[in-house]
Amino acid sequence: MKIKNLLMALAALALSYEAAAQVVFPKGRDLSFGLQAHRGLSHRFPENTVVAFREAAKVPYFYGMETDVQMTKDGVLVCMHDKTIDRTTNGTGKVSDYTWKELRKFRIDGGDGWNEKYANKLRIPTFKEYLKVCKKSNLVPYVELKFLTLEGVRKSVETLHKMGMEGKYVLTSFRWKYLKEAAKYSNAPLEFMHKRYTTELVDKIKNIKNCVIRPMARRTTKELVDYCHSQGLVVECYGLPLRDAEYVNKLRSWGVRGGTCNDYKWLKLD
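On a predicted model such as this, the values are computed, not experimentally measured, just so you know.

Trainee: Is there a simple way to think about the overall build of the protein chain in this case?
Mentor: Broken down by element type, the protein chain carries nine helices and eight strands. Considering the protein chain as a whole, with its 270 residues, one finds that 54% of them fall into the buried category. A sequence separation of at least 24 residues applies to 60% of the contacts in the protein chain between residues at least 6 apart. As presented, the protein chain carries roughly 12,700 Å² of accessible surface, and 52% of it is formed by carbon and sulfur atoms.

Trainee: Would you mind showing me how to read the side chain of Asp68 here?
Mentor: Tracing the chain through its elements places Asp68 in strand E2 (residues 62-71). Polar side-chain contacts of Asp68 include one of 3.0 Å to the side chain of Asn48.

Trainee: Sorry, what's going on with the pattern of salt bridges here?
Mentor: Between side chains of opposite charge, pairing is possible as soon as their charged atoms come close. The full count for this structure, using the stated rule, is 20 salt bridges. Arg39 is the salt-bridge partner of Asp68, the closest N and O atoms lying 4.0 Å from each other. Pair noted here: Asp68 is in strand E2 and Arg39 is in the loop between strand E1 (34-38) and helix H2 (50-57), with a separation of 29 residues, a long-range link. For Asp68, a relative accessible area of 0% puts it in the buried group. Between Lys222 and Asp226 there is a salt bridge, and its shortest N-O distance comes to 2.8 Å. In this pair, Lys222 and Asp226 both sit in helix H8 (residues 222-230), four residues apart, roughly one turn of the helix. Using a relative accessible area of 39% as the deciding quantity, one classes Lys222 as partly exposed. Overall, Asp226 belongs to the partly exposed group, its relative accessible area being 37%. The network of salt bridges with common partners includes Arg39, Glu47, Asp68, Asp82, Arg87, Asp112, Glu144 and Lys146.

Each value, and the rule that gives it
- Residues numbered from 1 in each chain as written.
- Predicted model: local features only at pLDDT ≥ 70, side-chain atom pairs only at ≥ 80, totals over all residues.
- Heavy atoms only, no water.
- Helix = DSSP H or I, 4+ residues; strand = E, 2+ residues; numbered from the N terminus.
- Buried < 20%, exposed > 50% of the residue type's maximum accessible area, 1.4 Å probe, protein only.
- Contact = heavy atoms within 4.5 Å.
- Areas by Shrake-Rupley, 256 points an atom, 1.4 Å probe, with all protein chains shown as cover.
- Polar contact = N/O pair within 3.5 Å; in protein donor to acceptor, adjacent residues only side chain to side chain.
- Salt bridge = Lys/Arg side-chain N within 4 Å of Asp/Glu carboxyl O.

In structure tokens, the structure reads:
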């Protein structure tokens, strides 16, 4: 029985690496280190807006684009990082407390990348609007499952597939239960984010289907990356430091596959 369990575990590890490696990466991008636009080009344009997504699509260094998905009271998936709309719009309250029609009335008026020239011009985008930009620009969607019900997780995967993105996206989350639920419907890489990754945590989660380790960039160590690789696991980071090209190059040298960043200008990728 022990031998059988070992074989099953090894098979799961092999599957996780193979599935992660099969994500469709657009041609002409750096496949050795995949940079993902965090909430769009959010250092210079209002985060999680169509303009930030479109501007990120113009940058040749990005092969992927990240957003946060939540669901309205009437089941519409939207792009919003915070649980409430207070920080980034002229409204207040939870996303889930509003219908889509109600939420659509508010305007973006703050957050990362905010500039007064966008006052009264931008709305909260739908998940479909984000996916349309990704599809048109050949960017891999990195979808963070945020404050959702399990039904919302299923609907997020369903929407990706209906939009023709099956086999071409990555799911991420700080919530382990969301990834476990997503694994029921998706063969995409499932990236668990955690601020303080340890080898013990890696051992705890490594056998989930298509698991990819996604630690905070600043707390990623060579020892952690080496251990993950020894277990057949891919490592990508979140929160690449905006102005520290030296550290980002160190991550690359360790074999980290990529990560999110609000901008690319100071990373010396030329």
